[in-house]
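One letter stands for each residue in the lines below.
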Amino acid sequence: MALSKLTILLVEDDPVFRKLVASFLERRGAKVFEAENGEQGLEAYKSHSFDIVIADLSMPKLGGLGMLKALRHYNPNIPVIIVSGNQGMSDVVESLRNGASDYLVKPIADLYLIENAIHESLNHTLEDALTIDERESLSYQELTQNLALLEQNSAAAKGVQQQLFPPSRVEYSNVTIDYSLFNNNEVSAHFIDTAMIGDKHIIVYMAHFQPHDNRAAFASVLLKSFVNQKISDFQSEISSSIIEPFNMLVYLNDRMSHSGLEILVDMTYIVLELNHYRAAIAQSGSEFRCYLKSGESHQLSPLALPESLQLGISSWCKPSVQFRTLLLGEKLCIATHTEEHKQQLIANQFHGLIHNQTITPGGFIQLSIH
């Protein structure tokens, strides 16, 4: 049968819908384990081997998103399909951001849609059947289908983009990330993110999109999705590009130039290796400047990174790269060129994402070791 030899974990708090879906999947040849909430689903996931997980988004005790985040700590390679009656775009983005392979909206009149989603999700995990480029093209197609309305709806674009920004302070072991980002339009032309990669590396990047319109929200989602793909590849030991700034910008240029968005990206991408606090920095475009900040005066010392072309250009040349070992108490910063932003950076004024009509768009991010 179409789903023979598959073992599926189905997590759904509606008993009628759960039994309906379980019966359908079993008739199609699958072995189905049922759970009525996220906590039960997580316990089943820990004690059994599954090919795929199907989970409702809104459940008591532990919802689908909470369970999805927890599952990634045990096996990030098992595909997860989220099913929900909530059609909010923020939920779509949050599910994809946390590794969902697909997102289906209730009511589901045709249960074969679930079967099709299973096949699509499993195909993405078959390395012998799909090349990396093919998997990433499929990922982009899914994003295109789910996020097309961002180009027409400023409020939706603003809401979705804001879901992607980290809190104003992110704390890792011995490392703290702080930032301020100022915007005076519905959608920010600038984007910031950070992530812990394994237990030995931290990435920080800052991007600027041109032109500044609703496509910047789409580009933020797309950029984060490409970075998340490389994080997944690193966890699966497929690729180490995520901790190689030069290769990462080469990869991102290829993805963005083939995205069809016709958008250009200035970007500074930093990887900090935690054993020796060695930073590798790559930069494209001229929107940002990197600085070292140290001492009681907190003066900014610029790092020499020659300008290069923005990402998204087919005739793009290689990014600028520099390596630097940070000393205890030193801070590595990325900032836009506005003097007002630099003075706030010197004064350690970090507020996260701020919508303010009186301040020039842009901002700064600081990486501190302690």
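Please read all numbers here as calculations on a predicted model, not as lab measurements. (Residues numbered from 1 in each chain as written. Predicted model: local features only at pLDDT ≥ 70, side-chain atom pairs only at ≥ 80, totals over all residues. Heavy atoms only, no water.)

Colleague: I keep staring at unusual backbone geometry and nothing clicks. Help me out?
Modeller: Leave glycine aside and you will find that most residues have negative phi; peptide bonds, for their part, are mostly trans. Gln210 connects to Pro211 through a cis peptide bond whose omega is 0°. Unusually for a residue other than glycine, Asn174 sits at a positive phi of about 70°. Its location among the elements puts Asn174 in the loop between strand 6 (169-172) and strand 7 (175-183). According to the relative accessible area criterion, Asn174 is partly exposed, its value standing at 36%. Here the phi dihedral of Tyr277 falls at roughly 50°; this positive angle occurs in a residue that is not glycine. If you trace the backbone, Tyr277 turns up in the loop between strand 10 (264-273) and strand 11 (278-284). (Helix = DSSP H or I, 4+ residues; strand = E, 2+ residues; numbered from the N terminus. Buried < 20%, exposed > 50% of the residue type's maximum accessible area, 1.4 Å probe, protein only.)

Colleague: What is the right way to look at the environment of Tyr172 in this model?
Modeller: Checked against the element boundaries, Tyr172 lands in strand 6. A C-alpha to C-alpha distance of 7.7 Å links Tyr172 and Met196, two positions 24 residues apart in sequence. In contact with Tyr172, not counting residues within four places along its chain, are Ile177, Thr194, Ala195, Met196 and Ile202. Reaching out from Tyr172, the side chain makes a polar contact with the backbone nitrogen of Ala195 at a distance of 3.4 Å. (Contact = heavy atoms within 4.5 Å. Polar contact = N/O pair within 3.5 Å; in protein donor to acceptor, adjacent residues only side chain to side chain.)

Colleague: I would appreciate a short explanation of the packing of aromatic side chains in the present structure.
Modeller: Here a ring pair, both rings aromatic, is described through the centre-centre distance and the interplanar angle of the planes. Taken as a whole and judged by the stated rule, the model has seven aromatic pairs. Between the aromatic rings of Tyr205 and Tyr269, the centroid separation amounts to 6.0 Å while the plane-to-plane angle is 15°, which identifies the pairing as stacked. Here Tyr205 is found in strand 9 (residues 201-210), whereas its partner Tyr269 is found in strand 10, with 64 residues between them in sequence. Ring pairing ties together the aromatic residues Phe165, Phe191, Tyr205 and Tyr269, which thus form one cluster. Of note, Lys230 hangs over the ring of Tyr251, and the distance from its end group to the ring centre comes to 4.4 Å. (Phe/Tyr/Trp six-rings, centres within 6.5 Å; stacked < 30°, edge-to-face > 60°. Lys NZ or Arg CZ within 6 Å of the ring centre and 35° of its normal.)

Colleague: So what exactly am I meant to see when it comes to the UniProt feature "modified residue: 4-aspartylphosphate" (unreviewed entry) in the protein chain here?
Modeller: Those places that UniProt annotates as "modified residue: 4-aspartylphosphate" (unreviewed entry) correspond, in this numbering, to Asp56. The class of Asp56 is buried, set by a relative accessible area of 4%. (UniProt positions renumbered as here; feature names shortened; annotations may be inferred.)

Colleague: How do you make sense of the sheet that holds strand 10 when you look at a structure like this?
Modeller: Strand pairing in a sheet takes place through backbone hydrogen bonds and is either antiparallel or parallel in direction. Pairing in this open sheet of five strands is antiparallel, and the strands run 8-9-10-11-14 from one edge to the other. What marks the edges here is a single partner per strand, and that holds for strand 8 (190-197) and strand 14 (320-325). Neighbour-to-neighbour, the strand axes of this sheet turn through a mean angle of 15°, independent of strand direction. Where strand 11 and strand 14 come together, six bridges link them in antiparallel fashion. Within strand 14, the position partnered with Ala279 by the bridge is Arg324. Against the sheet, helix 8 (residues 215-235) makes contact with strand 8, strand 9 and strand 10, and its axis sits at roughly 155° relative to strand 9, the strand it touches most. (Pairing = 2+ DSSP bridges. Axes fitted to C-alpha atoms, helices over the stretch in contact; angles between N-to-C directions.)

Colleague: Can you help me understand empty space enclosed by the protein in this one?
Modeller: Leftover empty space is mapped by rolling, across the atoms, a probe with the size of a water molecule. Overall, the coordinates contain one cavity of 30 Å³ or more when judged by the stated rule. The computed volume of the largest cavity comes to approximately 30 Å³. Taken together, Leu10, Val11, Glu12, Phe17, Val21, Ile54, Ala55, Asp56, Val83 and Ile114 form the lining of the largest cavity. Elements represented by at least two residues in the lining of the largest cavity include exactly strand 1 (7-11), helix 1 (15-27) and strand 3 (52-56). Here the lining of the largest cavity gets three residues from one element, more than from any other, and that element is strand 3. Grouping the amino acids of the lining of the largest cavity by side-chain chemistry returns eight nonpolar, no polar and two charged. (1 Å grid on protein atoms, 1.4 Å probe; cavity = no way out; pocket = protein on both sides within 12 Å on 5 of 7 lines; lining within 4 Å. Points joined across faces, edges and corners; volume = space filled by probe spheres on them. Nonpolar A, V, L, I, M, F, W, Y, C, P; charged D, E, K, R; others polar.)

Colleague: Help me out: how do you make sense of the state of the cysteines in this one?
Modeller: Disulfides are covalent bonds that link the sulfur atoms of two cysteine residues. Considering all chains together, one arrives at zero disulfides under this definition. Here Cys290 is not cross-linked by a disulfide; its sulfur's nearest cysteine counterpart is in Cys333, at 8.7 Å. The class of Cys290 is buried, set by a relative accessible area of 1%. (Disulfide = S-S within 2.5 Å.)

Colleague: What is the right way to read the confidence of the model for the protein chain from this model?
Modeller: For any part of a model where pLDDT is low, the fine detail of the predicted coordinates should not be relied upon. On average, residues of the protein chain score 82 in pLDDT, and 86% of them are at 70 or above. Note on residues 125-132: pLDDT under 50 across the span, and 12 contacts to partners over four residues away in sequence or across chains. This model gives residues 137-142 a pLDDT under 50, and the stretch forms nine contacts once residues within four places in sequence are excluded. (pLDDT = per-residue confidence, 0-100.)

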